[in-house]
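Spelled out from the first residue to the last, the chains are:
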Amino acid sequence: MPRQLRVVLAEDGVLLREGLIGLLARFGHEVVAAVGDAEALRAAVAAHEPDVVLTDVRMPPGFQDEGLRAAVALRAERPGLPVLVLSQYVQRDYAADLLDSGDGSGVGYLLKDRVGQVEEFVDALDRVAAGGTVVDPEVVRQLLRRRRDPLAALTPREREVLALVAEGHSNGEVARRLVVTEAAVGKHIGNILAKLDLPPAEDTHRRVLAVLAYLQA
């Protein structure tokens, strides 16, 4: 019989949060803290040292990827901390970081709309808490697609800009060809570099690396 788990729950939707508390109690688990934002999640983990963390991805204040980023940070601070993400969305960048954290054990990513039975969900939580890995096949599919096509996250306009950069054009020439301002081109290039995970570095030329990614895609 699975052991009783002490769970820290992070979910900004109050009805779902309360529903999960009741659901987990039915299966003998205790939610030691239920919070609605990423900052409170990190504080709750520090205060309660739970057996497992159950978190959503999009949370206040930005409703982007705050919950998932907090989960990645928690895994870095506490190697081996079991974390199960339960969300409507696949946030591909940080999902890959989460699943790659540590040795990949004690981690899971499920999609809310694809959980077919309550028992399956609770079993997934038990397995993650015990050091297992549980990932929805749709999450795997999207992560594999991202790795096959590094340009998948770019908008059509960003692809246009990168194509012209790959031809050797300066920002000014790209702006002239696309009939936009040079400042707009600079902003597009900044977005491209961020989406291709090319942070500032003294010893690499990020434009060259971006062009290489374009040519390889």
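In this numbering scheme, every chain counts its residues from 1 along its sequence in written order. Local features in a predicted model are, by the rule used here, given only for residues with pLDDT of at least 70; side-chain atom pairs are given and counted only at 80 or more, and totals for whole chains, interfaces and linings are based on all residues. Note that the side-chain values use all heavy atoms of the structure and ignore hydrogens as well as water.

Per an unreviewed UniProt entry, the recorded name for the protein is DNA-binding response regulator, and the organism is Streptomyces filamentosus.

**Brief notes about the overall build of the protein**
Our working definition: Helix and strand assignments follow DSSP, with helices taken as H or I runs no shorter than four residues and strands as E runs no shorter than two, numbered in order from the N terminus. Any pair of residues with heavy atoms lying within 4.5 Å of one another is described as a contacting pair. The method behind every accessible area is Shrake-Rupley, applied with a 1.4 Å probe, and residues are considered shielded solely by the protein chains displayed.
Helix and strand content of the protein: 10 helices and six strands. Within the protein, counting contacts between residues at least 6 apart in sequence, those at least 24 apart form 67% of the total. When the accessible surface of the protein is split by element, carbon and sulfur atoms take 52% of a total near 11,300 Å².

**Let's talk about the nonpolar core**
Our working definition: By convention a nonpolar core is built from buried Ala, Val, Leu, Ile, Met, Phe, Trp, Tyr and Cys residues, the set being connected through side-chain atoms within 4.5 Å. Only protein chains enter the accessibility calculation, which uses a 1.4 Å probe; a residue whose area is less than 20% of its type maximum is buried, one above 50% is exposed, and one in between is partly exposed.
With 30 residues, the main nonpolar core has Leu-41, Leu-98 and Tyr-109 as its most contacted residues. Within the residue set of this core, elements represented by two or more residues are strand S1 (6–10), strand S2 (30–35), helix H2 (38–48), helix H3 (66–77), strand S4 (83–87), helix H4 (92–100), strand S5 (107–111) and helix H6 (137–148). Counting residues per element, this core draws most heavily on H3, which supplies five residues. Not counting residues within four places of it along the chain, the set of residues in contact with Leu-98 comprises Leu-68, Ala-71, Val-72, Arg-75, Val-83, Val-85, Val-107 and Gly-108. Ranked by size, the runner-up nonpolar core spans 19 residues in total, among them Leu-23, Leu-24, Phe-121 and Val-134.

**Section: helix H8 (residues 171–178)**
Selection criterion: This arc corresponds to the set of directions leading from the helix axis out to the C-beta atoms.
Of the positions making up H8, those classed as buried are Val-174, Ala-175 and Leu-178. The buried residues of H8 occupy one face: seen down the axis, they fall within an arc of 100 degrees. The inward-facing, buried residues of H8 contact helix H7 (156–166) and helix H9 (182–195). The positive-phi residue at the C-terminal boundary of H8 is Val-179, with phi of around 55 degrees.

**A word on the pairing of S1**
Along a regular strand, successive side chains alternate from one face of the sheet to the other. Here is the rule we go by: A right-handed crossover is one whose linking path, passing over the helix from the first strand to the second, runs clockwise when the strands point away from the viewer. In this scheme, strands are said to pair when DSSP sees at least two bridges between them.
Most of S1 sits out of view: four of its five residues are buried. The handedness of the S1 to S2 crossover, carried by helix H1 (residues 14–26), is right-handed. Taken together, the four bridges between S1 and strand S3 (residues 52–55) define a ladder with parallel strand orientation. Following the sheet pairing, Leu-9 is matched in S3 by Leu-54.

**Structural notes on the UniProt feature "modified residue: 4-aspartylphosphate" (unreviewed entry) in the protein**
Applied cut-off: UniProt positions are given in the numbering used here, feature names are shortened, and annotations may be inferred rather than shown by experiment.
Residues annotated in UniProt with the feature "modified residue: 4-aspartylphosphate" (unreviewed entry) correspond here to Asp-56. By the secondary structure assignment, Asp-56 is in the loop between S3 and H3. In this structure Asp-56 comes out as buried when scored by relative accessible area, which is 6%. Not counting the four nearest positions on each side in its chain, Asp-56 is found in contact with Ala-10, Glu-11, Asp-12, Gly-67, Leu-68, Leu-86, Ser-87 and Lys-112.

**A few points about the packing of aromatic side chains**
Threshold: Any Phe, Tyr or Trp ring, taking Trp's six-membered ring, that has another such ring centre within 6.5 Å forms a pair; planes under 30 degrees apart are called stacked, those over 60 apart edge-to-face, and the others tilted. Counting as a charge over the ring demands two things of the Lys NZ or Arg CZ atom: a distance within 6 Å of the ring centre and an angle within 35 degrees of the ring normal.
A full pass over the atoms with the stated rule returns zero aromatic pairs. Cation over ring: Arg-58 sits above Tyr-89, and NZ or CZ is 3.6 Å from the ring centre.

**Points about the sheet that holds S5**
Rules: Fitted lines through C-alpha atoms give the axes, limited to the stretch in contact for helices. The angle between two N-to-C directions lies from 0 to 180 degrees.
On the basis of which strands lie adjacent, the open sheet formed by six strands has the order S2-S1-S3-S4-S5-S6 and parallel pairing. Two strands lie at the open edges of the sheet, namely S2 and strand S6 (133–135), each paired on one side alone. Averaged over neighbouring strand pairs, the angle between their axes works out to 20 degrees when direction is ignored. Across five bridges, S4 lies against S5 in parallel orientation. Of the residues in S5, the one forming a bridge with Ser-87 is Leu-111. Relative to S4, H3 is tilted by about 175 degrees, and along the sheet it contacts S3, S4 and S5.

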